[in-house]
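Each chain is listed here by its residues.
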Amino acid sequence: MYFLAAEGGESTHNPIIPLWQEIVVGSVAFAVLCFVLMKFVFPRMEQTFQARVDAIEGGIKRAEAAQAEANQLLEQYRAQLAEARTDAAKIRDDARADAEGIRQDVLAKAREESDRIIAAGKDQLAAERATIVRELRSEVGAIAVDLASKIVGESLADEARRKGTVDRFLSGLESTGAR
């Protein structure tokens, strides 16, 4: 049957090899498509890709700059913190030294006041002792004169004589009490 169709004057076409008209039309269409892609689509895609690259690189640069700034601020804060700790330690040491100085001053004043009170008490005791001794001498002297008058039977009313006798008597007592 195929032979009959070939005899009819029509040439048979090999399906593996395309017709030259199809090759020309396909080549022109491909050329137009390439022209449109190169003229309009590829530049637009290149701009989009470049914008994305710029955005990514700019983001990376901004992130690096922000990281560097954050590191710088962190170092500043650490330096300030170290300085604050040093200042706090110095203030604390100064306060301790001041407190110790105040404590020593208060203790010195307390000792001085204590010594002054003790000295005043000793002076007062010495004065009272001297007063008591003087009063006792006169009372013992008067009693001794009265007793001697009664024993001797004569009056020892003479003041000078009586005072001399009493003083000698008390001195004798003191010297025997000191032995």
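Predicted model, so just to flag it, every value in this text is computed and none were measured. For every chain, the first residue of its written sequence is number 1, and the numbers climb from 1 along that sequence. This being a predicted model, a pLDDT of at least 70 is required before a residue's local features are given, and a value of 80 or more before pairs of side-chain atoms are given or counted; all residues contribute to the totals for chains, interfaces and linings. Note that the side-chain values use all heavy atoms of the structure and ignore hydrogens as well as water.

Visitor: Would you take a moment to explain the overall build of the protein for this structure?
Guide: Helix and strand assignments follow DSSP, with helices taken as H or I runs no shorter than four residues and strands as E runs no shorter than two, numbered in order from the N terminus. For the protein, the helix and strand inventory stands at 3 helices and 0 strands. Moving toward the C terminus, one meets the helices and strands of the protein in the order α-α-α. Considering the protein as a whole, with its 179 residues, one finds that 3% of them fall into the buried category. Looking at the protein as shown, the accessible area adds up to about 15,800 Å², and 63% of this sits on carbon and sulfur atoms. Only protein chains enter the accessibility calculation, which uses a 1.4 Å probe. A residue is then buried if its area is under 20% of the maximum for its type, exposed if over 50%, and partly exposed in between. For the area figures, the Shrake-Rupley method with a 1.4 Å probe applies, and any residue is considered shielded solely by the protein chains shown.

Visitor: I'm lost on the UniProt feature "transmembrane region" (unreviewed entry) in the protein in this one. Help?
Guide: UniProt positions are given in the numbering used here, feature names are shortened, and annotations may be inferred rather than shown by experiment. Mapped onto this structure's residue numbering, the UniProt feature "transmembrane region" (unreviewed entry) falls at residues 23–42. A distance of 26 Å separates the end C-alpha atoms of residues 23–42, which is 100% helix and 0% strand.

Visitor: What should I look at first to understand the pattern of salt bridges in this one?
Guide: Where charged atoms from two side chains of opposite charge come close, those side chains can pair. Salt bridge criterion: a side-chain nitrogen from Lys or Arg within 4 Å of a carboxyl oxygen from Asp or Glu. Under the definition given, this model contains 5 salt bridges. Where Glu100 meets Arg103, a salt bridge forms, and the shortest distance between an N and an O atom there is 3.2 Å. Taken as a pair, Glu100 and Arg103 lie in helix α2 (residues 20–152) at a separation of 3 residues, close to a single helical turn. Residue Glu100 is classed as partly exposed on the basis of its relative accessible area of 37%. Its salt-bridge partner being Glu113, residue Arg116 comes within 2.3 Å of it at the nearest N-O pair. With Arg116 and Glu113 both in helix α2 and 3 residues apart, the pair spans about one turn of that helix. Taking relative accessible area as the criterion, Glu113 reaches 36% and is therefore assigned partly exposed.

Visitor: Just checking my understanding: could you explain the UniProt feature "coiled-coil region" (unreviewed entry) in the protein for this structure?
Guide: Per the UniProt record, "coiled-coil region" (unreviewed entry) is found at residues 56–94. For the annotated span residues 56–94, helix accounts for 100% and strand for 0% of the residues, and the straight-line distance between the end C-alpha atoms is 56 Å.

Visitor: Could you clarify how one ought to interpret a nonpolar patch on the surface in this entry?
Guide: Without a salt bridge and with relative accessible area above 30%, a residue can belong to a patch; like charges are then joined within 9 Å and nonpolar side chains (Val, Leu, Ile, Met, Phe, Trp, Tyr) within 5 Å. On the surface, a cluster of nonpolar side chains totalling about 1,200 Å² of accessible area is made up of Trp20, Val24, Val28, Val32, Phe35, Val36, Met38, Phe40, Val41, Phe42, Met45 and Phe49. In this fold, Trp20 is placed in helix α2. Trp20 gets classed as exposed once you look at its relative accessible area, which sits at 61%.

Visitor: What am I meant to see in α2 here?
Guide: Quick reminder: α-helices carry 3.6 residues per turn. Residues three or four places apart thus point the same way. How far a helix is expected to stretch is found by multiplying one less than its residue total by 1.5 Å. In this model, α2 (133 residues) spans 188 Å end to end at C-alpha, consistent with the 198 Å of a helix rising 1.5 Å per residue. A residue's bend is the angle separating two fitted axes: one through the seven residues that end there, the other through the seven that start there. Bending of α2 peaks at approximately 40 degrees at the position of Met38. Inspection of α2 places Gly58, Gly141, Val145 and Ser149 among the buried residues, and these make up the whole buried set.

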